[in-house]
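# Examination of the molecular architecture
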Amino acid sequence: MAAKMNVWRESSEAGLMESSEYSALSYTACKNGIAVSIPGDASNTFRCRNVDLYHFLSHAELSSTGSGSSSWGWTSDTGREFVAIGQEDGTAFVEITSAGKMIYLGRLPQYSVPIIWREIRAYKNYMVIGSEAEHHGIQIFDMKKLLTINPTTPKTFDAVKDITDHFNDLPTGRTHNVVVNEELNYAVAVGAQPRNSTCLAGLIFIDLTDPSDPTTPGCATQDGYVHDAQCLVYRGPDKKYQGRDICYGYNEDSLTIYDVTSKVNTLVISRTSYEKFLLLDDELDEQKASGPAVDGFPVTYIWDVRSLEAPKQTGFYKSSVRSIDHNQYVYDGYSYQSNYAAGLRVLDVSSIPSDPTGANVCEAGFFDIYPEDDMLPGGGNTTFVGAWSMYPYFKSGYIFINTIERSAFVVKMTGKDCGERKTGSLRRV
């Protein structure tokens, strides 16, 4: 956290965190590798491929005085598409229209003090909102409250009175991330400091069966601090664990797989150390110039997890633009990545089941939201600037990107052909 805070403090002192300096942008097609939103303005000329820009609004235009972080989407029963946007001073809400325009509807202020870290996930029609701020806890907000808002009078919700409930059974009220297993009606707070607390900043389970009365049935402490995770009902090829509640823990120095079917008696199935294997999208390997990312080009590591007890790394893909990789989500054979200064990157990973070396993984499209570093060696930089998060699951095809300095981009892919693979973009183990 300290390294990131130093970068953001320097950016703020340089005036790069003033989102009000960035004008709203309308539809801009990607032509010949660039989207020129404002002719003659390099800061609004974006490198791209197979992705058009539909709309941009700054944090200031979304009534925030701070910077941005996580985001997540929600689709109503009638098909309307909404986004909850994490900001330093709370969560902003927009609706994305059929034309790809954002309509600002209002915001939910932070529960305690402003801080850039705000992580958001959906549980049914609720947003589960956590923060690294002490005493913040987790806000549970009903997105149906947005359905009747008149956008000419956006609403600032009360951080206490207008939420469904507030979960604060955390050591100091802070959590690094939140994840959700909607099928089994629970969320997980991960990285809830301090590390010497009862749950050791591991997996803290939150029962959401009744969102108005969340409780915790227990926690998983076996591998200490967890940075991020994914929890699901296992339906993979490892017959021993069919139907079990499995969490993949993306920890600081390991990929740890847990059986959490019993929340009071969790088990570690396997723990694969970074000393021999590396985790998918480790955001520190580029920044620290370690392993295959020694040159600063993002590495997407490929793992074979057909055996939960013996996962193995089978290959990896390297991006052709220097940056740090961050959040990624796999959807319909494509990996959507928010790679900080390199912006949105979309990889075609459909070939991995037949070729787990990654030899046929390729980049299907991208939209670089941080033009400031385009002329640097390698076409980018390895600092924590640019895109923090994105949401690729809308049926409309619109992809939402939330950036630290500027704020909200809505883009859409125009094609998914990979084109010519650049020499040196692939490495095998």
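In case you missed it, the structure is sitting above this.
Residues numbered from 1 in each chain as written. Predicted model: local features only at pLDDT ≥ 70, side-chain atom pairs only at ≥ 80, totals over all residues. Heavy atoms only, no water.

## Quick word on the sheet that holds strand β10 (residues 138–142)
Whether parallel or antiparallel, the strands of a sheet pair through hydrogen bonds between backbone atoms. Inclusion rule: By the convention used here, strands pair only if DSSP detects at least 2 bridges between them. Where helices and strands are cited, they refer to DSSP runs of H or I of at least four residues and of E of at least two residues respectively, numbered from the N terminus. Comment: axis = line fitted to C-alpha atoms, over the contacting stretch for helices; angle = value between 0 and 180 degrees taken between N-to-C directions.
Across the sheet, which stays open at both edges, the four strands sit in the order β8-β9-β10-β12 with antiparallel pairing between neighbours. A strand with exactly one partner marks an edge of an open sheet, and here the two such strands are β8 (118–123) and β12 (165–167). Strand-to-strand, the axes of this sheet are offset by a mean angle of 25 degrees, without reference to chain direction. Summarising the sheet, β10 and β12 pair through three bridges and their orientation is antiparallel. Bridged to Q139 within β12 is H166.

## Description of empty space enclosed by the protein
Rolling a probe over the atoms, with the probe sized like a water molecule, indicates the empty space that remains. Put simply, the rule is: A cavity, in this analysis, means grid points on a 1 Å lattice covering only the protein atoms where a 1.4 Å probe fits yet has no way out; a pocket is instead an open set bounded by protein on both sides within 12 Å along at least five of seven lines, and a residue lines either one if it has an atom within 4 Å of a point. Grid points are joined across faces, edges and corners, and a volume is the space filled by probe spheres set on the points. In the scheme used here, Gly and all other residues not listed as nonpolar or charged are polar, with Ala, Val, Leu, Ile, Met, Phe, Trp, Tyr, Cys and Pro taken as nonpolar and Asp, Glu, Lys and Arg as charged.
Tallied over the entire structure, the rule returns one cavity of 30 Å³ or more. Each pocket or cavity is described by its volume, and for the largest cavity that value is around 40 Å³. Lining the largest cavity are P298, T300, Y317, S319, Q337, N339, R345, L347 and E363. Looking at the lining of the largest cavity residue by residue, the classes come out as three nonpolar, four polar and two charged.

## With respect to the sheet that holds strand β11 (residues 155–156)
Ordered in space as β4-β5-β6-β7-β11, the five strands form an open sheet in which the pairing is mixed. Pairing within the sheet leaves two strands with one partner each, and these edge strands are β4 (68–75) and β11. The sheet contact formed by strand β5 (residues 81–87) and strand β6 (residues 90–96) spans seven bridges and is antiparallel. Residue pairing in the sheet places A84 in a bridge with F93 of β6.

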